[in-house]
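The lines below spell out each chain.
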Amino acid sequence: MAPSQKRKAIDDDFILTISDNEDNIPLEEEQEVVPRKKAKTAEQSNKQKKKNNKKSKKQQQTEDDDDEAAETKEDDAADLGIWGSKDEDDGAMDTEFQFVVDGQNEVDAEFDGWGFEGAHKGGVKGAGANGDKKPVDIDEIIRRRRERKAAKEGKTTTASKEEDKMEVDGDDEEEEDDMEEIDVDLDDDEEGVLADDAFGMGVGSDVEEEEEEKQDAKMGGVDGEDEEDSEGEEGEKKEGSDEEEEGDASDDDSVATAVEHPDDVQSSDDDEEGIDEEEEAKMKEFFAPEEENQPKKKGEMSSFQEMSLSRPILRGLTSVGFTKPTPIQAKTIPISLMGKDVVGGAVTGSGKTAAFVVPILERLLYRPKKVPTTRVVILTPTRELAIQCHAVAVKLASHTDIKFCLAVGGLSLKVQEAELRLRPDVVIATPGRFIDHMRNSASFAVDTIEILVLDEADRMLEDGFADELNEILTTLPKSRQTMLFSATMTSTVDKLIRAGLNKPVRIMADSQKKTAGTLVQEFVRLRPGRESKREGYLLHICKTLYTERVIIFFRQKKIAHKMRIIFGLFGLSCAELHGSMNQAQRIQSVEDFRDGKVNFLLATDLASRGLDIKGVDTVINYEAPQTPEIYVHRVGRTARAGRSGTAITLAAEPDRKVVKAAVKSGKSQGAKISSRIIDSAVADKWQAEIDDLEDEIEEIMQEEKEEKQLQNMEMQVKKGENMIKYEDEISSRPKRTWFETQEDKKKAKAAGRAELNGVRDKLKSKNEGKLSNKDRKKLDTMAERKQERTYKKGSAERAGKGAVLNLKKVVKKAGVKKVGRSAGPKKKGGNGARGGKGKSRR
Ligand SMILES: Nc1ncnc2c1ncn2[C@@H]1O[C@H](COP(=O)(O)OP(=O)(O)OP(=O)(O)O)[C@@H](O)[C@H]1O
């Protein structure tokens, strides 16, 4: 178990390494590397390194070996600084900070972004080989149907009828709206940000609808019934025994089910708005003093060379084209090298991964090597993210002998067990699979872990992961260094306590920014009653406006899949990415999109966090996500690393709350926000085209279902045969155990859903376990939205007076009744992992 030694007090001048074993020197060019003892000696080694590093030619010019030049450079750096010349160091990214994105001479010729090699090597399951489930190919179904149809009609054409039609339509369309893009001030009033009539402000809030409300409430089933549509985010719950048998068992066991919408319910950004005195005091107590995260001199760390990094690490950085640290890297690397706990936040696409990977690698260079030992664990909420993080780490460590193991669900347990037996230095995992190995892989021990990283930490600290995280945190040695990162990093102490941090240094780069400065945010307003035309709007956008390198986010798998069929029918090349797919399919989709084989990636929030796919030009939100935080992550898939990008959100009434928050936050940071007007007639025309295909869509779904059933049957037969053939071996395998019962798992899943969707339980807890009529109404509106019943008429409208009257009434009402802005229910304190009781392990 955990070694009992306590973390020593840290001398600022002394940079901790994983080991102080001086016999251990990095793999290559020994003479180049000076094992670090004191920061002062590192300065000398820097000079040596710089000499040998062609990459740093520029710096070399200014910082030659003589002290004078070095001083001049230091002054220059202090003037410019990564935080800008004029600023007081407020943590914001220098507006002049430039990512050096492409064209670096020494970037590995083969380097083309992060790949999924790790997953392929890790024995990705369900790839269609060895009798595994093959994906059912929608395009193939569409093609077959067309061929059949053509044969029936005596035609030989395989071209899409719809395509032809659209070509005819195309011309007038271009002339129509087309895309009157204007910079509209969405902030029509102080309070509202959006106009009173924006996004159907009145719809769904009319008292006269109470009757209907009750009626709807009787329909019930807002929760439960949605299980099937549930969102797959981490999807690790069923791992372990099930996974091995099922192959892709964890695909539908999501934590993050999209069920409810936070419309009119406090969102978490409300929670965090305005830190009260109590919280401030807690923060002061919890975090290390502010000065500890300040570099000694401004601009001190404006290059990697100045961070005393060893040559193999510098070479790794060079090989991926990182010449200059981003602000979060510049701030985090020196502090992390000291062994301090870190809570880090920086805008999406600003290089957080390297911010924690680089210091880890640097420290590992000096580890004792006689006995291979696993010292580092990096946990992420999704498999794709872990695979990507593994790729980044492997690439950055390409000039070292550091070993990695990728331990995520959906990849072969056996391969991972074999790798873990060799005690790799770093394990990159999703929580479920990590626990599985902790409990069931005999040769894997965690009592040697010295560093733990939680990537997308705010997500990991949510209720859905609570049990898993507690299990991990209480098992890992308490003396570890812990680092948390996210673009939406919470500073709320009660939440952070869970992570078992020890006086963490809080590093918030780009603190005033929530989205990248290079991002343009567009909103397409769907007025009341037009929500049912969403598909038409989307198709119009994808056919005529944003036609390549587009990720489209959906809240439900079901809708994403339907849209995938529609896209196929309209000749748009696309791939899906959600929790109903097995791991091989998920990886295939990302690869197809990354490699440009398809233009559109139709994804759920499984893909909203962390994915770094080069050259994504556009993110489309088919509807607003559940929370402003998820919005930030979704739109952060584009405009990364200094590149430009556009996010476009279809915003109807149910999206109002999140859109409002996004606009408000965007405006406050001076983001580029505009309203895109799309002629409703055009959207209607596309919608009509889609509606005409409704039967065909149904039939395709049916055909797909039958094909899947057939495949399942074949798999069952194969499984049965294997059972007979290898009965002895299979029955002699020790049964894998899990720390949670099925019941616990269900609860955790429900908690995850509630936290992500953030609504029903909060509402209930507000009112002693009961839902008020008003709250029920909100939930019903959400349920209605889910059922795709799109617009509910008010009594005025039913009486033929039109929606306007309704709206007026609401506006009038709003004038009388001031809507309060409460801080929202405060969550109780965390579990305190350090002091928490660990469940006994086998
Ligand atoms: N120092 C650097 N110089 C140039 N490019 C960099 C540097 N550091 C990171 N990048 C690039 O920036 C991109 C984003 O990095 P990364 O994925 O780590 O961002 P992130 O902050 O973790 O984003 P998210 O919050 O979305 O997870 C990557 O493509 C990476 O290659």
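Looking at an unreviewed UniProt entry, one finds the chain named RNA helicase, with Neurospora tetraspora as its source organism. For the chain, the Catalytic activity (unreviewed entry) comment in UniProt is given as "ATP + H2O = ADP + phosphate + H(+)". Looking at the Subcellular location (unreviewed entry) heading of the UniProt record, one finds this comment for the chain: "Nucleus".

*Asks:* Let's hear about the pattern of salt bridges: which residues, and what values?
*Replies:* As a working rule, side chains carrying opposite charge can pair if their charged atoms are close by. Throughout the structure, instances matching the rule amount to 35 salt bridges. When the shortest N-O distance is used, the salt bridge between Asp-139 and Arg-564 registers 3.0 Å. Here the residue Asp-139 occupies a position in helix H5 (residues 138–153), and Arg-564 occupies one in helix H21 (residues 557–569), the gap between them amounting to 425 residues. A salt bridge links Arg-534 to Glu-531; the shortest N-O distance between them is 3.2 Å. Given the relative accessible area of 4%, Arg-534 is considered buried.

*Asks:* Which residues make up the sheet that holds strand S3 (residues 376–379), and what values do they have?
*Replies:* If you walk across this open sheet you meet the 7 strands as S4-S5-S3-S6-S7-S2-S8, and the pairing is parallel. The open sheet is flanked by strand S4 (404–407) and strand S8 (505–508), the only strands paired with a single partner. Within this sheet the neighbouring strands show an average axis-to-axis angle of 15°, counted without direction. When S3 meets strand S6 (residues 451–455), the two strands line up parallel, connected through 4 bridges. Residue Val-376 lies in a different strand from S6, and its bridge partner there is Ile-451. Sitting on the sheet, helix H12 (residues 327–337) is in contact with strand S2 (342–345), strand S7 (481–486) and S8, with an inclination near 165° to S8. Helix H13 (residues 352–365) rests against S3, S4, strand S5 (426–429), S6 and S7 of the sheet, and its axis sits at about 160° to S7.

*Asks:* Talk me through the site of the ligand; I want residue IDs and the actual numbers.
*Replies:* In the vicinity of the ligand lie 22 residues, with Lys-324, Lys-352, Thr-353, Asp-612 and Arg-640 positioned nearest. Ser-350 places a polar main-chain atom, nitrogen or oxygen, 3.1 Å from an oxygen atom of the ligand. Thr-353 is positioned such that a nitrogen or oxygen atom in its side chain is 2.7 Å from an oxygen atom of the ligand. Here the ligand has 640 Å² of accessible area as a free molecule, and 94% of this is covered by the chains. Across the shell around the ligand, the residue classes tally to 8 nonpolar, 8 polar and 6 charged.

*Asks:* Residues and numbers for the environment of Val-347, please.
*Replies:* Relative to the helices and strands, Val-347 is located in the loop between S2 and H13. In this structure, the C-alpha to C-alpha distance between Val-347 and Ile-328, residues 19 residues apart in sequence, is 9.1 Å.

*Asks:* Report on unusual backbone geometry, specifying residues and quantitative values.
*Replies:* Residues other than glycine seldom take positive phi values, yet Arg-549 does so here, at roughly 50°. Within the secondary structure, Arg-549 is located in the loop between helix H20 (534–545) and strand S10 (550–553). Even without being glycine, Ala-639 reaches a positive phi, approximately 55°. By the secondary structure assignment, Ala-639 is in the loop between helix H23 (628–635) and strand S14 (645–651). On the accessibility criterion, Ala-639 (3% relative accessible area) is buried.

*Asks:* I'd like to hear about helix H22 (residues 583–594), residue by residue, with values.
*Replies:* Under the 1.5 Å per step criterion, the end-to-end length of H22 is 16 Å for 12 residues, consistent within 8% with the ideal 16 Å. With 10 of its 12 residues buried, H22 lies for the most part within the structure. Among all positions of H22, only Gln-583, Ala-584, Gln-585, Arg-586, Ile-587, Ser-589, Val-590, Glu-591, Asp-592 and Phe-593 are buried. The opening residue of H22 is Asn-582, an N-cap whose side-chain oxygen sits 3.1 Å from the backbone nitrogen of Ala-584. One or two residues past the end of H22 sits Gly-596, with phi positive at roughly 75°.

*Asks:* I'd like to hear about the packing of helix H11 (residues 311–319) against H13, residue by residue, with values.
*Replies:* The geometry of H11 relative to H13 is characterised by a closest axis approach of 9 Å and an angle of 150° between their N-to-C directions. Classed by the angle they form, the pair H11 and H13 counts as roughly antiparallel. As H11 packs across H13, the resulting crossing turns out to be right-handed. Residue-level inspection shows Pro-312, Ile-313 and Leu-317 of H11 in contact with H13, the latter providing Val-358, Leu-361, Glu-362 and Leu-365. Looking at the contact of H11 with H13, its residues break down into 6 nonpolar, no polar and 1 charged.

*Asks:* Please set out the UniProt feature "short sequence motif: Q motif" (unreviewed entry) in the chain residue by residue, giving values where relevant.
*Replies:* Per the UniProt record, the feature "short sequence motif: Q motif" (unreviewed entry) sits at residues 302–330. In residues 302–330, the share of helix is 45% and the share of strand is 0%. The end C-alpha atoms are 7 Å apart.

*Asks:* Let's hear about the pairing of S14: which residues, and what values?
*Replies:* A large share of S14 lies buried, amounting to 7 of its 7 residues. Burial along S14 is two-sided: the face carrying Gly-645, Ala-647, Thr-649 and Ala-651 and the face carrying Thr-646, Ile-648 and Leu-650 are both buried. Relative to S14, strand S13 (residues 618–621) runs parallel, the two being bridged by 4 bridges. When the sheet's bridge partners are listed, Thr-618 is paired in S14 with Thr-646.

*Asks:* An account of the nonpolar core is requested, with residue identities and associated values reported.
*Replies:* With 66 residues, the main nonpolar core has Leu-309, Phe-356, Ile-360, Ile-378 and Leu-396 as its most contacted residues. Looking at this core element by element, the count peaks at 9 residues for H13.

*Asks:* Summarise H13; cite the residues concerned and give the values.
*Replies:* An ideal rise of 1.5 Å per residue puts 20 Å on 14 residues; H13 measures up with 21 Å between its terminal C-alpha atoms. Along H13, 13 of the 14 residues are buried, which leaves the element largely enclosed by surrounding structure.

*Asks:* Residue-level account of the packing of aromatic side chains, with values.
*Replies:* Applying the stated rule across the entire model yields 7 aromatic pairs. Look at Phe-356 and Phe-485: their rings are 5.3 Å apart centre to centre, the planes differ by 40°, and that puts the pair in the tilted class. Here Phe-356 is found in helix H13, whereas its partner Phe-485 is found in strand S7, with 129 residues between them in sequence. With relative accessibility at 0%, the residue Phe-356 sits in the buried group. A relative accessible area of 0% means that Phe-485 is categorised as buried. Ring centres 5.7 Å apart and planes at 85° place the aromatic pair Phe-434 and Phe-444 in the edge-to-face group.

The rules we used
Numbering of residues begins from 1 in every chain and follows the order in which that chain's sequence is written. Per-residue local features of the predicted model are confined to residues with pLDDT of at least 70, and side-chain atom pairs are confined, for both listing and counting, to 80 or more; whole-chain, interface and lining totals are unaffected and use all residues. Note: side-chain values were computed over all heavy atoms of the structure, leaving out hydrogens and water. UniProt positions are given in the numbering used here, feature names are shortened, and annotations may be inferred rather than shown by experiment. Only one rule defines a salt bridge in this text: a Lys or Arg side-chain nitrogen within 4 Å of an Asp or Glu carboxyl oxygen. The way it works is that DSSP assigns letters per residue, a run of H or I at least four long becomes a helix, a run of E at least two long becomes a strand, and they are numbered from the N terminus. The buried label goes to any residue with under 20% of its type's maximum accessible area, the exposed label to any with over 50%, and the partly exposed label to all in between, with areas taken from a 1.4 Å probe on protein chains only. Strands are treated as partners if at least two bridges between them are detected by DSSP. With axes taken as lines fitted to C-alpha atoms, and helix axes fitted only over the stretch in contact, angles between N-to-C directions fall between 0 and 180 degrees. Any two residues whose heavy atoms approach within 4.5 Å at even a single point are treated as in contact. Neighbouring residues are identified by heavy atoms, a residue being near a molecule or strand if any of them is within 4 Å of it. What qualifies as a polar contact is a pair of N or O atoms within 3.5 Å, subject to a donor-acceptor requirement within protein and to the restriction that residues adjacent in sequence count only when both atoms come from side chains. Throughout, the Shrake-Rupley method with a 1.4 Å probe supplies accessible areas, and for residues the shown protein chains are the sole cover considered. Put simply, Ala, Val, Leu, Ile, Met, Phe, Trp, Tyr, Cys and Pro go in the nonpolar bin, Asp, Glu, Lys and Arg in the charged bin, and everything else, Gly too, in the polar bin. By definition here, a helix of n residues has an expected span of 1.5 Å times n minus one. Should an angle fall under 35 degrees it is called roughly parallel, over 145 degrees roughly antiparallel, and 65 to 115 degrees roughly perpendicular, with every other angle called oblique. Handedness of a crossing follows from how the near helix is turned relative to the far one, being left-handed for an anticlockwise turn of less than a right angle and right-handed for a clockwise one. What we call a nonpolar core is a set of buried Ala, Val, Leu, Ile, Met, Phe, Trp, Tyr and Cys residues that are connected through their side-chain atoms within 4.5 Å. When the centres of two rings from Phe, Tyr and Trp lie within 6.5 Å, Trp using its six-membered ring, the rings pair. Their planes under 30 degrees apart give stacked, over 60 give edge-to-face, and anything left gives tilted.

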